[in-house]
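A look at the structure
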Amino acid sequence: MADKNGKILLELLNTKGNDVCADCGLKLPEWASYNLGIFLCTRCAACHRSMGAHISKIKHLKLDQWEDAQVTRMKEVGNNNAKLKYERWVPPSYRRVAKDTPQILVEQWIFAKYAREEFIHPERQSYTSGFMEGYLMKKGRENNQFLPRKFVLSEIENTVKYYVKDKKDPKAVIKISDINVAFSPKKIPFPNALQIDYLKDGSTRHIYVYHDDPQTVVNWYHAIRCCKLHLLQVGYPSEAESELLSHLSQDYVKEGYLSKTGPSPKDVYKKRWCTLEGRKLMYHVDPLDAYPKGEIFLGHTTSGYLVVPGFGPGFREMGFGFILHTPERAYQFSAETESERSEWIQAVENILKTQLMPQDNNLAVSLNKKRNDSIAFFNR
């Protein structure tokens, strides 16, 4: 790279807007697309390469040679101008990417922007129509076999339905407003995998699906988010849109194995797959169970919720323990390492310190009712 061009690129890189990645906002980008005129981080630059040089031509800012015309193009465009063009019609419900966004969403965000130009041509956004249907591979409830199932989403009906083979009646009818959808590549042994959670009879039901085409899976993800935003706007008209966006879908804050014992010191520890999702801590026998073994609602610290390291009086010490206190009871957990315990405590604490939204109260009522019904059953 010529000295003159190197200095110009450095000056451009220090300009506001160019000092972060054009696609994910990561600071100090080291790459650029010289035909699009944008500065990129390493991860997003790799996604641009995968689109092909006919769409995006990539160079390293310091390690590659730069021609005068290429530097001129960078001066003419830059990140801010590119955003005005390629992000003009991004739907409010569309999930923009950040450094911790799942890789599949990063890739499809970039393909949607530049290869398909979905945000220049809104008519290409099939996920905003309020209706979607197609086949996804779904895991059986009682086994690990994935089979094709027809899914139909309807915002008007507030439902997602899926059908077994060509049967007329749906196998399940799920309210969109009750759904959480997230990517779970570590658990599902296929790429492009989604986990769909919803409340059924007071318990969380897990559905695991995938599709060979990443665009198809991401379109389903955004179709659900779009419908949920519209439904939330109707249900909570006084809430700001920015507040509602955080409730469209939630990634799993943390997942992994912990040991858990019952409420009595005499109970034995059992290995459980734990999932922290929104204001719920769920524990399962197996990572791909259809239902959790149990669920704990996580309220606010001012309401008697607390997480502390250690073991309760009389409980056998095993590994690195911590106790989750709720108004109803204390839950004893144990991690295999001290660092894992610290991560779980920090993750739970962050939730307990977050103020509840109105819709969180509905979740609390549903989970507590389920728990109270179970207690009443065993006390008969």
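Here the structure is shown first, and the text comes after it.
Attention here is on the structure that accompanies the text. In this text the structure is predicted, and so the values were computed from the model without any measurement. Every chain's residues receive numbers from 1 upward, in the order its sequence appears when written. Local features are withheld for residues below a pLDDT of 70 in this predicted model, meaning they are given only at 70 or higher, and side-chain atom pairs are given and counted only at 80 or more; totals for whole chains, interfaces and linings count all residues. Processing note: side-chain calculations cover all non-hydrogen atoms of the structure and skip hydrogens and water entirely.

On to the pattern of salt bridges. Note on pairing: side chains with opposite charge can pair once their charged atoms come close. Salt bridge criterion: a side-chain nitrogen from Lys or Arg within 4 Å of a carboxyl oxygen from Asp or Glu. Applying the stated rule across the entire model yields 14 salt bridges. With a shortest N-O distance of 3.3 Å, Glu142 and Arg141 are connected by a salt bridge. Relative accessible area serves as the criterion here: at 67%, Glu142 is assigned to the exposed category. For the exposure calls, accessible area comes from a 1.4 Å probe over protein chains only, and a residue counts as buried if that area is under 20% of its type's maximum, exposed if over 50%, partly exposed in between. You can call Arg141 partly exposed: its relative accessible area is 45%. A salt bridge links Glu295 to Lys280; the nearest nitrogen and oxygen atoms lie 4.0 Å apart. Here the residue Glu295 occupies a position in strand 14 (residues 294-297), and Lys280 occupies one in strand 13 (residues 280-284), the gap between them amounting to 15 residues. Of the two residues, Glu295 and Lys280, neither departs from the other in class, the shared state being buried. Among the charged side chains, a salt-bridge network with shared partners connects Asp23, Lys83, Glu87, Arg96 and Lys113. Helix and strand labels come from DSSP, where a helix needs a run of H or I of at least four residues and a strand needs a run of E of at least two; each type is numbered from the N terminus.

So, about helix 8 (residues 338-352). Each residue after the first adds 1.5 Å to the expected span of a helix. In a regular helix each residue adds 1.5 Å, so 15 residues correspond to 21 Å; helix 8 covers 21 Å between its end C-alpha atoms and thus fits that length. Of the residues making up helix 8, those classed as buried are Arg341, Trp344, Ile345, Ala347, Val348, Ile351 and Leu352. The buried side chains of helix 8 occupy one side of the element, clustering within an arc of 165 degrees when seen end-on. Note on contacts: a residue pair qualifies if any of its non-hydrogen atoms lie within 4.5 Å across the two residues. The inward-facing, buried residues of helix 8 abut strand 11 (254-260), strand 12 (270-277), strand 13, strand 15 (306-309), strand 16 (320-325) and strand 17 (330-335). When we speak of the arc, we mean the arc of directions from the helix axis to the C-beta atoms.

Once that is clear, we can look at the nonpolar core. Residues belong to a common nonpolar core when they are buried Ala, Val, Leu, Ile, Met, Phe, Trp, Tyr or Cys residues joined through side-chain atoms within 4.5 Å. By size, the foremost hydrophobic cluster in this structure holds 53 residues, and its most contacted members are Leu40, Cys44, Ile110, Tyr114, Leu153, Ile179 and Phe183. Contact partners of Ile110, with chain neighbours within four places excluded, come to Asp23, Cys44, Cys47, His48, Met51 and Ala115.

This paragraph deals with the side chain of Arg225. Here Arg225 lies in helix 6 (residues 214-235). Apart from residues no more than four positions distant in its own chain, Arg225 is found in contact with Ser93, Tyr94, Arg95, Leu245, Leu248 and Ser249.

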